[in-house]
Amino acid sequence: LLLAARGWGRLGAMSRYSTEQRGRPNSPDYRLYFKNADGKYISPFHDIPLFAASKEDKEIPAKRSKTTGSEVLFNMIVEVPRWTNAKMEIATEEPLNPIKHDIKKGKLRYVANIFPHKGYIWNYGALPQTWEDPNHTDDITGCCGDNDPIDVCEIGSKVRSSGEIVQVKVLGVLALVDEGETDWKIIAISADDPEAQKIHGKYFYIDDVKKHKPGYLEATIDWFQLYKVPDGKPENHFAFNGEFKNKDFAVEIIKSTHEHWKALLHKKVDGGTIKCTNILVSGSPFCCSEEDARSIVQSAPAFMNGDSVSPEVDSWYFFPK
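Here's a quick rundown of the structure. (Residues numbered from 1 in each chain as written. Predicted model: local features only at pLDDT ≥ 70, side-chain atom pairs only at ≥ 80, totals over all residues. Heavy atoms only, no water.)

### Some remarks on the pattern of salt bridges
One pass over the full model with this rule turns up 18 salt bridges. Between D102 and R109 there is a salt bridge, and its shortest N-O distance comes to 2.9 Å. Assigned by exposure class, D102 and R109 land together as buried. A network of salt bridges, in which partner residues are shared, links K87, E89, D102 and R109. (Salt bridge = Lys/Arg side-chain N within 4 Å of Asp/Glu carboxyl O. Buried < 20%, exposed > 50% of the residue type's maximum accessible area, 1.4 Å probe, protein only.)

Shown next as structure tokens:
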């Protein structure tokens, strides 16, 4: 499920990036670091452009963006492959922000299987160079941000790999309110997916999703509403009564979180424990040298093949009422 240590991705945007594993998979010390095409260690959070450029720009954020027809494409960092249960995420509070296995109360986190689904029902990840500012109250939802990059649910047909960079077409957005925080969920599809061209309405891509992938959006609502219940937490709620907003609305949300990220990387706001160490962001006071970045990675435990922890969640299902 994970890209091989120092392995290069297969298609699209990933051809410009590689990943390097450190530590032991399925353990607290596991980390997945990123390199660019020049072999430099980078932060996926800060150094991978939000907009999918026609070719990698030296200045970040990129000034040019790649389009398909009239659509601007975005880079998505895959954290969790579809049908898997391990809660993998960008380590926002660690230098260079590798992907790690989330831990709560000393235990690795796995999501329950919400019947009839197995694990995450999309390729789940985040948009780089975005940040939901916890000190900013959203004018629409009335809640603060969740202190993370904005989340993406990629609904294409391929099962992606953790650490893969996918160029996606944005289709809409769902506003989850999670423990009083705004947690936007972008709905997107890989630009190279066979069904991407079928979703082409001028404004109402979400209607096309309902047509070509019946039941998927309803399953998405159910999943997000119930996935924390097996952990003893209440059901989640949504803004707009669970209505999916259209593509244009979603793009405006993305642009807003991109501006918050810019303020963070240029020290115009207090990021708290967020680590802004980067290699490529022009003018950022958090830029570090290639040598410093290499030292950060080399200080992590060496990669060890083999699982040290067996996920227990795969053996049972949660049946909602």
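From this point, things continue past the structure.
### Here we look at the pairing of strand β17 (residues 181–190)
For β17, the tally of buried residues reaches 9 of 10 residues, placing the bulk of the element in the interior. Where strand β14 (residues 144–145) lies against β17, 2 bridges are found, and the strand directions are parallel. Paired with G145 across the bridge in β17 is T182. Pairing geometry for strand β15 (residues 151–154) and β17, over 4 bridges, is parallel. Paired with C153 across the strands is I187, a residue of β17. As defined by bridge partners, strand β16 (residues 165–178) adjoins β17 across 10 bridges and the pair is classed as antiparallel. Across the sheet, residue V173 finds its bridge partner in β17, namely I186. (Helix = DSSP H or I, 4+ residues; strand = E, 2+ residues; numbered from the N terminus. Pairing = 2+ DSSP bridges.)

### Section: the pairing of strand β7 (residues 74–80)
Most of β7 is tucked away: 7 of the 7 residues are buried. Relative to β16, β7 runs antiparallel, the two sharing 4 bridges. Counterpart to I77 in the pairing with β16 is I165.

### Here we look at helix α1 (residues 205–212)
Inspection of α1 places Y205, I206, D208 and V209 among the buried residues, and these make up the whole buried set. With its buried residues spanning 155 degrees around the axis, α1 presents them on a single face. Tucked into the core, α1 has its buried residues touching β6 (71–72), β16, α2 (216–226) and α3 (247–265). (Arc of directions from axis to C-beta. Contact = heavy atoms within 4.5 Å.)

### Quick look at the nonpolar core
Residues W122, I155, L171, W223 and F224 are the most contacted members of the largest nonpolar core, which totals 62 residues. Apart from the residues within four sequence positions on either side, W223 is in contact with V111, I114, H117, G119, Y120, I121 and W122. Counting 21 residues, the second largest nonpolar core, distinct from the first, contains L50, V170, A175 and A239. (Core = buried A, V, L, I, M, F, W, Y, C linked by side-chain atoms within 4.5 Å.)

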